[in-house]
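Each chain is listed here by its residues.
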Amino acid sequence: MTGQFTLAALCLLAAAAHASTPDAACTGHARNLAANCTTCHAADSHDASPLPRLAGQTKAELLQKLHAFRTGERAATVMHQIARGYTEEQLELIATYFAAHP
Amino acid sequence: MNRRKFLKAFSLAASTPAWSGLAGCAATPAHGTPHVIVIGGGFGGATAAKYLRMWSEGRIAVTLIEREAHFVSCPISNLVIAGLKNMADITADYDKLSKRWGVRVVIREAISIDMDKRRVHLAGGERLGFDRIVLSPGVDFMPEQVEGLAGNAERIPHAWKAGPQTKLLRRQLEAMPDGGVFALHIPKTPYRCPPGPYERACVVAHYLRTHKPRAKLLVLDSNSEIQSKKALFAHAFDGLYRKIIEYRPDSTLVSVDAKGLRAELEFDTIRGDVLNVIPPMRAGRLVDALGIELVNGRWVDVDWLTMEARGAPGVHVLGDATFPAPTMPKSGHIANQQAKLAAAAIIELLAGRTPDSAPMLINTCYSFVDDRNVAHISSVHRYDAGEKTFLPVAGAGGLSAAANEAEGRYALAWAQNIRTDMLD
């Protein structure tokens, strides 16, 4: 039940970090946001896929890439358009979730 | 009692090695296990079944009812018609849903839903009870809206549900003489996959250009303009394919003659060597069992926080069958995203909690304009509590500047990964 513990811990962290957004508590909000990404970036995506796995990348790494997509600093075909659809707070939740679920 | 019978079968399944991967999660006693039935194993239903099992960590029993033994993907099926991919590339099975995730997969047709007794009647007489039910029935066609079309799908294929129709249209295209005419008819919006017909026009034209250069492709669009990626498709129609494609807007089909392969429009009659008519469509007819009023008589209105059909509590409807939120397309990608939203909401509701009140959805649709160049359309949708619907996020989403080879690789990777996300 490690997964559950991690999730519970993550929820507490998320709730503490985002007291202003009750959704970030324990309704699985962060997990649900992260699940938006896995349609393309599947959890079992194979290593050679041009659409890489996100789980297990560090939070800093993910946020750095998402920000670079959002500003246009990093060239993209579609990711700049997707990254601009999320608030800073949402990107934090997504990056935290993937970093905690290797 | 059917529920007990099911749970018995379910606990038997739980003792097989196939379940070993979930053994650590099966601690909940069987009699306390809620049961969710999912009908329809497409992008919506298969994703919902998997995510209900995965996110509940095995605490919810899930039965997936699907009439076909294999999943056949509509995305990429236009490439099969054009001879660039084959049926095996778009076909998959449901084995991992049962073996890895513990979904009970029942390959049978659901005949009806008894809403009072909360059970599903299957072909062959079996009845299955449920606590909540997910319907992902896709679309059903309304060929009766075009005189002469009903019952003639062998002669005049739609190929708008991938499978035998895909192969049939491929054979017809191959058999067409050089110098022949392929006529493609597009119904009025909303229909499944807004850019799909235009992609089909492009890849069929690609095939004609390389195999039957004297042939013509007539695109008869009921709509007054191209419905998705307009500039990108217009660029291909007027450029690369200008000698092959003739695009005719406002061309509603009045009747067809299956024997003579004639199509009658309001002001013209066309004779084709291949007639590919995509008929008008509506929510899969299974939703009629709910006894609710459909939007425009065709689509299911849903509560976007749970995907529950309005007027049918406990019934969650996904994908193409829904009346869409503003700018939300009927796509496999969206069905997959809605399925996760529904799975998350069902888990909360069954636990007596309130579902996530701020969900988000993404859509990305890739279209091939030839054998390797692809263009996309994307959008991000946020739930708006005031409007009680999803609205596109301003400043997000968009189109490819031009079709390109990099996105050709991404499109194929997308097709592989979404399948992994829903079935593996």
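Residues numbered from 1 in each chain as written. Chains lettered and ligands numbered in written order. Predicted model: local features only at pLDDT ≥ 70, side-chain atom pairs only at ≥ 80, totals over all residues. Heavy atoms only, no water.

**Some thoughts on the overall build of chain B**
- The helix and strand inventory of chain B stands at nine helices and 25 strands.
- Per-residue burial for chain B yields a buried fraction of 58% across its 424 residues.
- Accessible surface computed for chain B: about 16700 Å², of which carbon and sulfur atoms make up 51%. (Helix = DSSP H or I, 4+ residues; strand = E, 2+ residues; numbered from the N terminus. Buried < 20%, exposed > 50% of the residue type's maximum accessible area, 1.4 Å probe, protein only. Areas by Shrake-Rupley, 256 points an atom, 1.4 Å probe, with all protein chains shown as cover.)

**Section: the confidence of the model for chain A**
- Here chain A shows a mean pLDDT of 81. Residues at 70 or above account for 74%.
- Counting interchain partners and residues more than four positions distant, the pLDDT-below-50 stretch residues 1–25 of chain A has 32 contacts. (pLDDT = per-residue confidence, 0-100. Contact = heavy atoms within 4.5 Å.)

**Side note on the side chain of Ser-136 of chain B**
Residues and elements named next belong to chain B.
- For Ser-136, the location among the structural elements is in the loop between strand 9 (132–135) and strand 10 (139–141).
- Polar side-chain contacts of Ser-136 include one of 3.1 Å to the backbone nitrogen of Gly-45.
- With residues near it in sequence (within four places) discarded, Ser-136 still touches Ile-39, Gly-40, Gly-44, Gly-45 and Leu-318. (Polar contact = N/O pair within 3.5 Å; in protein donor to acceptor, adjacent residues only side chain to side chain.)

**Quick look at the packing of aromatic side chains**
- Counted according to the given criterion, the structure contains eight aromatic pairs over all chains.
- Judged by centre distance (5.9 Å) and plane angle (75 degrees), the rings of Tyr-383 of chain B and Phe-390 of chain B are edge-to-face. In this structure, Tyr-383 of chain B and Phe-390 of chain B share a single accessibility class: buried.
- Counting every residue linked through ring pairs, the aromatic cluster contains Tyr-198, Phe-233, Phe-237 and Tyr-247 of chain B.
- A cation over a ring is seen here: Arg-31 of chain A above Trp-55 of chain B, with NZ or CZ 3.9 Å from the ring centre.
- Between the NZ or CZ atom of Lys-330 of chain B and the centre of the ring of Trp-299 of chain B, over which it lies, the distance is 3.8 Å. (Phe/Tyr/Trp six-rings, centres within 6.5 Å; stacked < 30°, edge-to-face > 60°. Lys NZ or Arg CZ within 6 Å of the ring centre and 35° of its normal.)

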